[in-house]
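# A closer look at the structure
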Amino acid sequence: MRVEFWGTRGSIAKPGSSTVRYGGNTSCVEVRSKRGTLVILDCGTGAHPLGQSLISGGAKSLRGHILISHTHWDHIQGIPFFAPLFVPGNEWDIYGPRGLDQSLRETLAGQMRYTYFPISPDQFEATIRYHDLVEGTFDVDDIRVTTRYLNHPALTLGYRLQADGATIVYCCDHEPYSQSLASGQEEFAGQDLRHAEFIRSADLLIHDAQYTAAEYPAKIGWGHSSVEYVVKLAQHASVKRLVLTHHDPLRDDDALDHILEGIGSQLHNATSVLKVSAAAEGDVLEIESSQAETSERSAGEFQAMTSPESALDDRPVILSITDSRIAAVLSDAIRAEGLRADFFSSIEEARELIARDRPSLAIIEHDMPRSDGMKTCRAIRYTENDPAHPLSVVMVAAQQDSAAAAAAGVTDWLIKPFTSSYARTKVRAWVLRTACRWMRAAIPDDEERRIASLRKLRILDTEPEEKFDRVTRLAAALFDVPMALISLVDEDRQWFKSCVGLSAKETSRDASFCAHVVYSQTPMIVADTFQDIRFADNPLVINEPRIRFYAGYPLILNDGSCIGTLCLLDTRPRSLRGSDIERLHDLADIALQQLAA
Ligand SMILES: [Zn+2]
Ligand SMILES: [Zn+2]
């Protein structure tokens, strides 16, 4: 296996002239098997340069595994800055100890809440799977991973990786259970012996050694080891090579050199041939097969993975839909979220599915030729008997009937027509039982006349024209925004007659901001889409072009039909003053004159 150190510092990043040689980034180690399986141990600030390096390699559909020792900040703060998580097509599995009251995903999402960070984990574009771990063994492609709890104030796991006949053990952060052992005295017993056995015969041990034995008495209970203890541990466990890490932020390069010199005498008195060094950013080690481990398979192996408390519940979604187009869109959306879709055609079948698979969501068509959606919903409500996990029931219909819905126990509505990405966002929210922060604009009362007036202009799908491009160029320059559009809202899409800074020619009406302006016929300013429940989960916000700011002015024809907008878009939040809106109004009037010309 090949090992590269990207972050070696404990507690807080410490860049500067005094840490140039050993490095200032917090914990992050890259491990690769000969076959190319990529494992990253911890994601401190060292994950940032590692991510940049992985991206610059130009590899398409990058696949990797991140093993988190624990969720203290210095071991996870690189995650929001790890570029490969933002690349569509990449696949990442993130593993970490299962917390007591929340999943790994929720814990990691905590540091990305809006108060702390502008981007949420929902905006990672790579496919990401979260795995909550307990003690045990599991395989990551050709690397066998064994986990063991460490002694640290947070729930922490050590990782033993075996591949290509070699063994690497990573223990960060850990304090010996016995204090006198930590000071370098006493022999291994009890939990400390168990820790030594976890490490036994490793070809490489990477271990927390934040303090010296002299410093340790003032740091008891902080969850870290002394250098002297770790050397003794490695000798006891017949480790071949020891790399000390999680360097104290107060320790400069010279002090680390001095500590290594001191270890020389500790090693000199011993019979073992242990090699010791201090982890330095940029160090690369090739760990060769020692053969001793290849046949090792302990009888007590068990699965380390807990029943997946993954981002999405793994219970299926059941559907009763007769319209084949809607059925196809919904089952695609459900599968895209990694869930199973099971169709039922009678109440008896629904009862069977509910008893057998405990589905989390039922989607029912309101008006089916041979059954009544509301009746089916009532029957489902009567059947379910799991009050801890009530089934969400969603009604697919052309329009909402709130009174009947309340009586039958309908959770929510999915109003036709809808796009696959809209259905997918809604399904995800229903299964996770969170709010879907994406609202489609309602259809205006004069929709028929409006569409007729728009079509009469014979402008849809025509070539770009300078007289319109001049207006959007001017708008972008005047308001200093990267994107400006003349957007026309058609029956099921918005089409751009002119667009500055955007390559798309049209998007679905579902996702359209301008459709809201068309409905209200008044200007709309969204200062920050992340803070707006109508737009935060909109695909134009989550994905390219990543709209954070929107200002749209309605384009209203003489007959009163609102056909679209002149709008400004930015990838950053911002605001407009009253006089700005007047100017936008002027530009919208110019665009209208050109439309009529
Ligand atoms: Zn730490
Ligand atoms: Zn820690």
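Refer to the structure presented above.
Now for a look at the structure at hand. (Residues numbered from 1 in each chain as written. Chains lettered and ligands numbered in written order. Predicted model: local features only at pLDDT ≥ 70, side-chain atom pairs only at ≥ 80, totals over all residues. Heavy atoms only, no water.)

As a further point, take the overall build of the chain. For the chain, the helix and strand inventory stands at 17 helices and 25 strands. By principal-axis analysis of the C-alpha atoms, the chain measures approximately 95 × 65 × 40 Å. Per-residue burial for the chain yields a buried fraction of 54% across its 597 residues. Nonlocal contacts in the chain, meaning residues at least 24 apart in sequence, comprise 68% of its contacts between residues at least 6 apart. (Helix = DSSP H or I, 4+ residues; strand = E, 2+ residues; numbered from the N terminus. Buried < 20%, exposed > 50% of the residue type's maximum accessible area, 1.4 Å probe, protein only. Contact = heavy atoms within 4.5 Å.)

Two elements in contact, helix α9 (residues 347-357) and helix α10 (residues 373-383), have axes whose closest approach is 10 Å; the angle formed by their N-to-C orientations is 35°. α10 is crossed by α9, and the crossing has right-handed handedness. Across from I347, A350, R351 and I354 in α9, the residues of α10 making contact are K375, T376, A379, I380 and T383. Taken together, the residues that form the contact of α9 with α10 break down as five nonpolar, two polar and two charged. (Axes fitted to C-alpha atoms, helices over the stretch in contact; angles between N-to-C directions. Left-handed = near helix turned anticlockwise from the far one by under 90°. Nonpolar A, V, L, I, M, F, W, Y, C, P; charged D, E, K, R; others polar.)

Moving on, we get to the coordination of the zinc ion (ligand 2). Looking at the zinc ion (ligand 2), the protein donor atoms are H70 (NE2), H72 (ND1), H152 (NE2) and D173 (OD), and they sit 2.1 to 2.5 Å from it. For the zinc ion (ligand 2), the four donor atoms are set out with angles of 90 to 174° between them, so the coordination reads as irregular. In terms of primary sequence, the donors binding the zinc ion (ligand 2) are separated according to H-x1-H-x79-H-x20-D. The distance between the zinc ion (ligand 2) and the zinc ion (ligand 1) comes to 3.4 Å, with D173 serving as a donor to both metals. In this pair, H70 is assigned in the loop between β4 (63-67) and α2 (73-76) and D173 in the loop between β10 (166-171) and α4 (179-182), connecting sequence segments 103 residues apart. Given a relative accessible area of 0%, H70 falls into the buried group. (Donors = N, O, S within 2.8 Å, 3.2 Å for Na, K, Ca; no water. Tetrahedral: all angles 85-135°; square planar, octahedral: opposite > 155°, others 65-115°.)

Here we come to helix α13 (residues 447-456). Considered for burial, the residues of α13 that qualify are E447, R450, I451, S453 and L454. Across the axial projection of α13, the buried residues extend over an arc of 160°, all falling on one side. With respect to the buried face of α13, the exposed residues turned more than 90 degrees away are E448 and K456. Those residues of α13 that are buried are in contact with β20 (483-489), α15 (514-520) and β25 (562-570). A positive phi of about 50° marks R458, the residue just after α13. (Arc of directions from axis to C-beta.)

Perfect tetrahedral coordination of a metal by four donors corresponds to 109.5 degrees between them, and perfect octahedral coordination by six donors corresponds to 90 or 180 degrees. Those donors, D74 (OD), H75 (NE2), D173 (OD) and H246 (NE2), are the protein atoms that reach the zinc ion (ligand 1), and they lie 2.1 to 2.2 Å from it. Because the angles between the four donor atoms bound to the zinc ion (ligand 1) fall within 87 to 170°, the donor set is best described as irregular. We note that the donor set of the zinc ion (ligand 1) lies within a single chain, spaced as D-H-x97-D-x72-H. Exposure remark for H75: the relative accessible area of 0% places this residue in the buried category.

Let's shift gears to the sheet that holds strand β23 (residues 524-526). Backbone hydrogen bonds hold the strands of a sheet together, and the pairing may be parallel or antiparallel. Spatially, β22-β21-β20-β25-β24-β23 is the arrangement adopted by the six strands of the open sheet, whose pairing is antiparallel. Sheet topology places β22 (506-508) and β23 at the edges, where each strand pairs with a single neighbour. Neighbour to neighbour, the strand axes of the sheet diverge by 25° on average, direction disregarded. With three bridges connecting them, β23 and strand β24 (residues 549-556) associate as antiparallel partners. Residue pairing in the sheet places V526 in a bridge with Y550 of β24. This element, helix α14 (residues 466-479), spans β20, β21 (493-500) and β25 of the sheet and lies at about 75° to β21. Against the sheet, helix α17 (residues 578-596) touches β20, β23, β24 and β25, its axis set at about 45° to β24. (Pairing = 2+ DSSP bridges.)

Another aspect to go through is α10. Regarding α10, the residues found buried are G373, M374, T376, C377, A379 and I380. Contacts made by the buried residues of α10 are with α9, β17 (361-365), β18 (392-397), α11 (402-408) and β19 (412-415). Where α10 starts, the residue carrying a side-chain oxygen 2.8 Å from the main-chain nitrogen of M374 turns out to be D372. (Polar contact = N/O pair within 3.5 Å; in protein donor to acceptor, adjacent residues only side chain to side chain.)

To continue, consider the sheet that holds strand β9 (residues 157-163). A sheet is described by the order of its strands in space; here seven strands give the open sequence β7-β8-β9-β10-β11-β12-β13, paired in mixed fashion. In this open sheet, the two strands that pair with only one neighbour each are β7 (136-140) and β13 (275-278). Each neighbouring strand pair of the sheet contributes to a mean axis angle of 20°, computed without reference to strand direction. By the bridge criterion, five bridges tie β9 to β10 in an arrangement that is antiparallel. Among the inter-strand pairings, A163 is bridged to a residue of β10, identified as A166. Helix α7 (residues 253-268) rests against β12 (241-245) and β13 of the sheet, and its axis sits at about 165° to β13.

Evaluation of the coordinates by the stated rule reveals 35 salt bridges. Where R105 meets D122, a salt bridge forms, and the shortest distance between an N and an O atom there is 2.7 Å. Pair noted here: R105 is in helix α3 (residues 104-110) and D122 is in the loop between α3 and β6 (127-133), with a separation of 17 residues, a long-range link. The class for R105 is buried, based on a relative accessible area of 15%. For D122, a relative accessible area of 37% translates into the label partly exposed. (Salt bridge = Lys/Arg side-chain N within 4 Å of Asp/Glu carboxyl O.)

Further remarks concern the pairing of β20. Within β20, seven of the seven residues are buried, which leaves the element mostly enclosed by the surrounding structure. Burial along β20 is two-sided: M483, L485, S487 and V489 and A484, I486 and L488, pointing in opposite directions, are all buried. The sheet contact formed by β20 and β25 spans six bridges and is antiparallel. In the sheet register, S487 faces β25, and the bridge partner there is T565. Bridge count between β20 and β21: six bridges; the pairing is antiparallel. Residue S487 lies in a different strand from β21, and its bridge partner there is F496.

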